[in-house]
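Overview (structure and organization)
The residues making up each chain are set out below.
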Amino acid sequence: MSKVLLPVTVNIPTSSYFALSLQLSVILAHEETREWYYENFINIYMERHGGNICFTDMSFGMLCQYTTVFDYTISKYEDTVNANIIERVRHELLDEQNYAYLYVDEYYISCKEAYMNYHFHHQALIYGFDDQRKIFNAIAFDKSGHFAELEYKYD
């Protein structure tokens, strides 16, 4: 394929923690998972740690909350060391109708404030690509700090 665009939305609750916002942008874009959001996500999320029940540390294990609506795999460095990242994301993920949740170095991404200024590793959700324009479609914060749909150039 030369172009793929999976459903997403940036119309999500503004109080959401950023990393959760990436998952919610997919959940709220699909009718079949929107009901799950209203039944599960808006409830206070708590876990048992040892003998105590406490609020979940939102910086740890974010995907575990979504195992009833998402299947996911985690790639290790060894899985990608000999792979072209553009080809891997395009063919192994998006061509198979799977989203890519990546940590990227924003130093190399022209639509980010850190571009060529400083190294900053942050999450992004890749939901599409266009080979003719040589871009990935991504959701992340834009230069002004707004959660937005962005375009990341292949180079």
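Treat the numbers as computed from the prediction; the structure is a model and nothing was measured.

**Quick notes on the overall build of the chain**
Helix and strand counts for the chain stand at four helices and seven strands. Each helix and strand of the chain, placed in order from N terminus to C terminus, yields the pattern β-α-α-β-β-α-α-β-β-β-β. Put simply, 49% of the contacts in the chain that link residues at least 6 apart link residues at least 24 apart. Accessible surface, the chain as shown: approximately 9900 Å² in total, 51% of it carbon and sulfur.

**With respect to the packing of aromatic side chains**
Applying the stated criterion to the full structure yields three aromatic pairs. On the basis of an interplanar angle of 80° and a centroid distance of 5.0 Å, the ring pair of Tyr-107 and Tyr-108 is categorised as edge-to-face. Taking 5.0 Å as the distance between ring centres and 50° as the angle between the ring planes, the aromatic pair formed by Phe-136 and Tyr-154 counts as tilted. Within this pair, whereas Phe-136 is found in strand S6 (residues 135-141), its partner Tyr-154 is found in the segment after strand S7 (147-153), the two being separated by 18 residues in sequence. You can call Phe-136 buried: its relative accessible area is 10%. For the cation-ring pair, Arg-90 lies above Phe-129, with the distance from its terminal atom to the ring centre recorded as 4.9 Å.

**Regarding the side chain of Ser-25**
With respect to the helices and strands, the residue Ser-25 is situated in helix H1 (residues 18-27). Discounting chain neighbours no more than four positions away, the residues touching Ser-25 are Val-8, Thr-9, Ile-12, Leu-125, Ile-139 and Phe-147.

**Digging into helix H4 (residues 85-93)**
Taken together, the buried positions of H4 are occupied by Ile-86, Arg-88, Val-89 and Arg-90. The secondary structure elements touched by the buried residues of H4 are helix H3 (77-80), strand S4 (100-105), strand S5 (121-130) and S6. If you check the start of H4, you find a side-chain oxygen 2.8 Å away from the backbone N of Ile-86, and it comes from Asn-84.

**Digging into the pairing of S7**
Note that S6 and S7 share seven bridges and pair antiparallel. Note that in S7 the partner of Asn-137 across the bridge is Glu-151. Between S6 and S7, which pair antiparallel in sequence order, lie five residues; one of them, Gly-145, sits at a positive phi of approximately 90°.

Reading guide: rules and limits
Residues numbered from 1 in each chain as written. Predicted model: local features only at pLDDT ≥ 70, side-chain atom pairs only at ≥ 80, totals over all residues. Heavy atoms only, no water. Helix = DSSP H or I, 4+ residues; strand = E, 2+ residues; numbered from the N terminus. Contact = heavy atoms within 4.5 Å. Areas by Shrake-Rupley, 256 points an atom, 1.4 Å probe, with all protein chains shown as cover. Phe/Tyr/Trp six-rings, centres within 6.5 Å; stacked < 30°, edge-to-face > 60°. Buried < 20%, exposed > 50% of the residue type's maximum accessible area, 1.4 Å probe, protein only. Lys NZ or Arg CZ within 6 Å of the ring centre and 35° of its normal. Polar contact = N/O pair within 3.5 Å; in protein donor to acceptor, adjacent residues only side chain to side chain. Pairing = 2+ DSSP bridges.

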